[in-house]
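Single-letter residue listing:
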Amino acid sequence: MHPAQETLGLKGLLDKVRLIIDDSATHVASGAPKDYAEYQKACGVIEGLRLAEREILDMSRKLEEI
């Protein structure tokens, strides 16, 4: 696969990750979590996806250097 095609695939993945982050953040900010456990879970999802986002960005940058 050509590096440009890989970068496009990563962009699609990054867009999806960011959409889920935004949805989760909106859920928390709106006060929707029923209890503290649900709040913690949503925060964990956001934290994990932010980590994934950084990894995808790093990988994308490395592919662009090739």
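Anyway, here's the lowdown on the structure attached to this text. (Residues numbered from 1 in each chain as written. Predicted model: local features only at pLDDT ≥ 70, side-chain atom pairs only at ≥ 80, totals over all residues. Heavy atoms only, no water.)

Some details on the packing of aromatic side chains
Part 1: Following the criterion strictly, the structure yields one aromatic pair and no others.
Part 2: For the pair Tyr36 and Tyr39, a centre-to-centre distance of 5.9 Å together with 25 degrees between the ring planes defines the contact as stacked. Of the two residues, Tyr36 and Tyr39 both sit in helix H2 (residues 36-65), three residues apart, roughly one turn of that helix.
Part 3: Owing to a relative accessible area of 57%, Tyr36 belongs among the exposed residues under this scheme. (Phe/Tyr/Trp six-rings, centres within 6.5 Å; stacked < 30°, edge-to-face > 60°. Helix = DSSP H or I, 4+ residues; strand = E, 2+ residues; numbered from the N terminus. Buried < 20%, exposed > 50% of the residue type's maximum accessible area, 1.4 Å probe, protein only.)

Describing the side chain of Glu53
Part 1: Note that Glu53 resides in helix H2.
Part 2: Relative accessible area serves as the criterion here: at 10%, Glu53 is assigned to the buried category.
Part 3: At 2.7 Å, the side chain of Glu53 forms a polar contact with the side chain of Arg18.
Part 4: Glu53 has contacts with Leu14, Val17, Arg18 and Ile21, leaving out every residue within four places of it along the chain. (Polar contact = N/O pair within 3.5 Å; in protein donor to acceptor, adjacent residues only side chain to side chain. Contact = heavy atoms within 4.5 Å.)

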